[in-house]
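What follows is the residue order along each chain.
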Amino acid sequence: MYPDGIEMEQTSLYDVVALDNFAAFVNMSHLAGVPPPAAYSTAVEQMYNYIAYVVDPTGHPPLNGDADNNTLTSLILDASAWFKRPDWQYIATRGQSGTRPQVELKA
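Residues numbered from 1 in each chain as written. Predicted model: local features only at pLDDT ≥ 70, side-chain atom pairs only at ≥ 80, totals over all residues. Heavy atoms only, no water.

K.L.:
Tell me about helix α3 (residues 73–82), and name the residues and values.
P.N.:
Leu75, Ile76, Ala79 and Ser80 are the residues of α3 that are buried. One face of α3 carries all of its buried residues, which in axial projection span an arc of 135°. Opposite the packed face of α3, turned more than 90 degrees from it, sit the exposed residues Ser74, Asp78 and Ala81. In the core, the buried residues of α3 are packed alongside α1 (12–31), α2 (38–54) and α4 (86–92). Once α3 finishes, lysine 84 follows within two positions and takes phi at roughly 55°, a positive value. (Buried < 20%, exposed > 50% of the residue type's maximum accessible area, 1.4 Å probe, protein only. Helix = DSSP H or I, 4+ residues; strand = E, 2+ residues; numbered from the N terminus. Arc of directions from axis to C-beta. Contact = heavy atoms within 4.5 Å.)

Now the structure itself:
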């Protein structure tokens, strides 16, 4: 995984599959009473962040590589509650709730 949260295969389907596995480990660690390393939790948040910010307004990821055209809205909405990220909630609900992301555009 790259530092910005994208999986090295660089296809949105693989990003989601890798994210599911990483997130499952974090959840199992907490259920076992053994918190995962902070860097691991940070990496999972970065993976969700990448997905949240690359979906189109209908919640569909880019059709790059071996990608599917499934909406990721519920994935992002669940993650927004888990990580307490109102910007992701805003993205997943198309601005109906949450906080509008403050994104710095680069020239």
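K.L.:
Requested: an account of the layout of surface pockets, with residues and values cited.
P.N.:
Approximately 240 Å³ is the volume attributed to the largest pocket. In this structure, the largest pocket is lined by 13 residues; those nearest its centre are Val55, Pro57, Tyr90, Ile91 and Pro101. For the lining of the largest pocket, the secondary-structure elements that each account for two or more residues are α2 and α4. Looking at which element gives the most residues to the lining of the largest pocket, the answer is α2, with three residues. In terms of residue class, the lining of the largest pocket is built from nine nonpolar, one polar and three charged. (1 Å grid on protein atoms, 1.4 Å probe; cavity = no way out; pocket = protein on both sides within 12 Å on 5 of 7 lines; lining within 4 Å. Points joined across faces, edges and corners; volume = space filled by probe spheres on them. Nonpolar A, V, L, I, M, F, W, Y, C, P; charged D, E, K, R; others polar.)

K.L.:
Lay out the side chain of asparagine 49 with the relevant residues and their values.
P.N.:
Looking at where asparagine 49 falls in the secondary structure, it is placed in helix α2. Contacts of asparagine 49, omitting those with residues within four sequence positions, involve Arg85, Asp87 and Trp88.

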